[in-house]
Amino acid sequence: MTSRLHATVDGPPDAPVLLLGSSLGTTAAMWQRQVPQLAERFRVVRYDHLGHGRSAAPPGPYTIEQLGRELLALMDDLRVSRAHHAGLSLGGMVAMWVAARAPERVDRLALLCTSASLGPADMWRDRAATVRAAGLEVIADAVVARWFTPALAATRPEVVAAHRAMLTAIPATGYAACCEAIAAMDLRDELSRVRASTLVVAGADDPATPVRHARAIVERIPDARLAVLDQAAHLANVEQPEQVSRLLSEHFEQVVSE
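Figured I'd write up the structure that's included with this text. Values in this document were obtained by computation on a predicted structure and should not be read as measured data.

Rules used in this analysis
In this numbering scheme, every chain counts its residues from 1 along its sequence in written order. Per-residue local features are limited, in this predicted model, to residues with pLDDT of at least 70; the limit for side-chain atom pairs, both in listing and counting, is 80 or more; totals at the level of whole chains, interfaces and linings are taken over all residues. Only hydrogens and water are set aside; all other atoms, that is, all heavy atoms of the structure, feed into the side-chain values. Helix and strand definitions here come from DSSP, where helices need a minimum of 4 consecutive H or I residues and strands a minimum of 2 consecutive E residues; each element is numbered from the N-terminal end. The cut-offs for exposure are 20% and 50% of the maximum accessible area for each residue type, with area from a 1.4 Å probe on protein chains only; residues under the lower value are buried, those over the upper are exposed, and the others partly exposed. The contact rule is simple, with two residues in contact once any of their heavy atoms fall within 4.5 Å. All accessible areas in this document rest on Shrake-Rupley with a 1.4 Å probe, and a residue is counted as covered only by the protein chains that are shown. Charge counting follows a simple rule: Lys and Arg are positive, Asp and Glu are negative, and His as well as the terminal groups are ignored. Charge placement uses NZ in Lys and CZ in Arg. For Asp and Glu, CG and CD serve respectively. Put simply, a nonpolar core is a bunch of buried Ala, Val, Leu, Ile, Met, Phe, Trp, Tyr and Cys residues held in one set by side-chain atoms that sit within 4.5 Å of each other. Put simply, two rings from Phe, Tyr or Trp (the six-membered ring, in Trp's case) pair if the centres are within 6.5 Å, and we call them stacked under 30 degrees between planes, edge-to-face over 60, tilted for the rest. In the analysis that follows, any N or O atom pair within 3.5 Å is treated as a polar contact, provided that within protein one partner can donate a hydrogen and the other can accept it, and provided that, for residues neighboring in sequence, both atoms belong to side chains. Basic side-chain nitrogens of Lys or Arg form a salt bridge, by our definition, when they fall within 4 Å of a carboxyl oxygen of Asp or Glu. It is the directions from the helix axis to the C-beta atoms that the arc portrays. Every axis in this analysis is a line fitted to C-alpha atoms, fitted for helices over the stretch in contact. Angles between the N-to-C directions lie between 0 and 180 degrees. Convention used here: angles under 35 degrees read as roughly parallel, angles over 145 as roughly antiparallel, angles from 65 to 115 as roughly perpendicular, and any remaining angle as oblique. Gly falls in the polar group here, along with every residue not listed as nonpolar (Ala, Val, Leu, Ile, Met, Phe, Trp, Tyr, Cys, Pro) or charged (Asp, Glu, Lys, Arg). The pairing criterion for strands is at least two bridges between them, as found by DSSP. By the definition used in this description, the sense in which the near helix is turned from the far one sets the handedness, with an anticlockwise turn below a right angle giving left-handed and a clockwise turn giving right-handed.

## Quick word on the overall build of the protein chain
And then number 1: A count of helical and extended segments in the protein chain gives 11 helices and seven strands.
And then number 2: Dimensions of the protein chain along its principal axes, counting C-alpha atoms only, are 50 × 45 × 35 Å.
And then number 3: A total of 258 residues make up the protein chain; the buried ones form 57% of that total.
And then number 4: Within the protein chain, contacts between residues separated by at least 24 positions form 79% of all contacts whose residues are at least 6 apart in sequence.
And then number 5: Total accessible area computed for the protein chain in this model is approximately 10,500 Å², and 49% of it derives from carbon and sulfur atoms.
And then number 6: Taking the average location of the 26 positive side-chain charges in the protein chain and that of its 29 negative ones, the two points are 2 Å from each other.

In structure tokens:
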């Protein structure tokens with residue numbers, strides 16, 4: 001299988017590989033603030049989900065398994081047998097599936113602002129139907145309001161505007177198909193299979209995947225640890241870039257230094 005995912009690669013070609021998966025409704029550009037620090041020690045591979053950015057956007061619905069298999073195919077295309085995986089929101093869901101179903105492909109794992117089961121399913125199916133009928137513009141303000149705290153929205157309106165533009169540029173068919181993947185997802189029973197050393201990061205002010213979702217993941221993955229970031233909503237890596245970069249560097253560099 002040849003992957004249909006677009007990826008951006010930074011960092012030394014001979015360094016350990018770190019895959020970064022982004023949120024529903026964003027592209028690999030979401031991770032831009034993390035690249036300078038992480039690319040000093042890692043070959044950083046940022047990918048766009050199926051239906052997002054420059055990746056293919058076949059008709060949906062998609063499944064988390066399908067998105068995970070596309071990521072494994074991307075690793076094969078890049079000749080990467082094993083890598084560190086980090087994912088935020090939808091990226092974290094895909095990373096959990098890969099870590100549970102293909103543990104030999106995962107060194108260390110970081111899961112940010114994500115959930116193993118994010119109902120109600122009807123809400124996601126309704127959102128998919130709305131987007132297919134009317135486009136992303138009709139939901140953009142409500143979605144972006146959950147991505148950032150009111151404090152950031154007031155002081156950094158250009159950040160909010162840039163990410164709103166990123167959202168509305170996503171193909172409606174791809175966004176809707178990924179909503180349907182989330183609607184059907186339940187990874188809770190899969191998490192006990194994860195063997196990778198796991199860091200779970202939550203935003204204290206995240207209304208999309210509240211801290212309780214992170215705690216539920218930590219309870220099910222053996223020896224996982226939790227970090228909660230203050231003054232961070234759903235896109236915690238954008239709102240608290242230095243803290244997230246530090247947490248990821250410290251977590252993944254433990255292998256490098258061993």
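## Some remarks on the nonpolar core
As a rule of thumb, soluble globular proteins bury nonpolar side chains together.
And then number 1: L67, L90, F148, Y175 and L248 are the most contacted members of the largest nonpolar core, which has 92 residues in total.
And then number 2: It is helix α3 (residues 90–101) that contributes the most residues to this core, nine residues altogether.
And then number 3: If we ignore the near neighbours within four places in the chain, the residues touching L90 are S22, S23, L24, H49, I64, L67, C178 and I182.

## As for the packing of aromatic side chains
And then number 1: Evaluated as defined, the whole model comprises one aromatic pair.
And then number 2: Geometrically, the ring pair formed by F42 and F252 is edge-to-face, given 6.3 Å between the ring centres and 75° between the ring planes. Of this pair, F42 sits in the loop between α1 (35–38) and β3 (43–47) while F252 sits in helix α11 (residues 241–257); the two residues are 210 residues apart in sequence, bridging distant segments of the chain. Of the two residues, F42 and F252, both sit in the buried class.

## Some words on the environment of D48
And then number 1: Mapped onto the elements of the fold, D48 is located in the loop between β3 and α2 (64–77).
And then number 2: For the pair D48 and C179, spaced 131 residues apart in sequence, the C-alpha to C-alpha distance is 15 Å.
And then number 3: Not counting the four nearest positions on each side in its chain, D48 is found in contact with L5, H6, T27, A28, G53, R54 and S55.
And then number 4: Within the structure, D48 has its side chain in polar contact with the backbone nitrogen of R54 (distance 3.0 Å).

## Observations concerning the pattern of salt bridges
And then number 1: Scanning the entire structure with this criterion turns up 17 salt bridges.
And then number 2: For E180, the salt bridge identified is with R132, shortest N-O distance 2.7 Å. Of the two residues, E180 is situated in helix α8 (residues 172–184) and R132 in helix α4 (residues 121–134); the sequence distance between them amounts to 48 residues.
And then number 3: Classification of R132 by relative accessible area gives partly exposed; the value is 39%.
And then number 4: Overlapping salt bridges, with partners in common, bring together R101, E190 and R193 in one network.

## Notes on helix α9 (residues 211–220)
Think of an α-helix as turning once every 3.6 residues; residues three or four places apart then point the same way.
And then number 1: Residues of α9 that are buried include every one of V211, H213, A214 and I217, and no others. The arc enclosing the buried residues of α9, seen along the axis, measures out at 160°, which places them on a common side. Turned more than 90 degrees from where α9 packs its buried face, R212 and E219 sit exposed.
And then number 2: Elements in contact with the buried residues of α9: α3, β5 (106–112), β6 (197–203) and β7 (225–229).

## Observations regarding the packing of α4 against helix α5 (residues 137–147)
And then number 1: Packing of α4 against α5 brings their axes to within 8 Å, and their N-to-C directions diverge by 135°. One finds that α4 runs oblique with respect to α5. Where α4 abuts α5, its residues R127, T130, V131 and A134 lie against V138, I139 and V143.
And then number 2: Of the residues that constitute the contact of α4 with α5, the class distribution is five nonpolar, one polar and one charged.

## Concerning the sheet that holds strand β1 (residues 7–10)
And then number 1: Here seven strands make up an open sheet; going across it, the order is β1-β3-β2-β4-β5-β6-β7 and the pairing mixed. Every other strand in the sheet has two partners, leaving β1 and β7 as the edge strands with one partner each. Adjacent strand axes in the sheet meet at a mean angle of 20°, parallel and antiparallel pairs treated alike.
And then number 2: In this sheet, β5 lies alongside strand β4 (residues 83–88) in parallel orientation, the contact comprising five bridges. Bridge assignment links G87 to a residue of β5, and that residue is L111.
And then number 3: Sitting on the sheet, α2 touches β1, β2 (17–21), β3 and β4, and the angle it makes with β4 is about 140°.
And then number 4: Sheet strands in contact with α9 are β5, β6 and β7, and its direction is about 170° off that of β6.

## A word on the packing of α5 against helix α7 (residues 157–168)
Axis angle and axis distance: for two packed helices, these are the angle between their axes and the distance between the axes, and together they describe the pair.
And then number 1: Across the interface, α5 lies against α7 with an axial gap of 10 Å and an inter-helix angle of 135°. The angle between the axes of α5 and α7 places the two elements in the oblique class. Two packed elements cross with a definite hand, and for α5 against α7 that hand is right-handed. Of α7, the residues touching α5 (which contributes E137, A140, D141, V143, V144 and W147) are V160, H163, R164, L167 and T168.
And then number 2: When the residues that make up the contact of α5 with α7 are grouped by side-chain class, the tally is six nonpolar, two polar and three charged.

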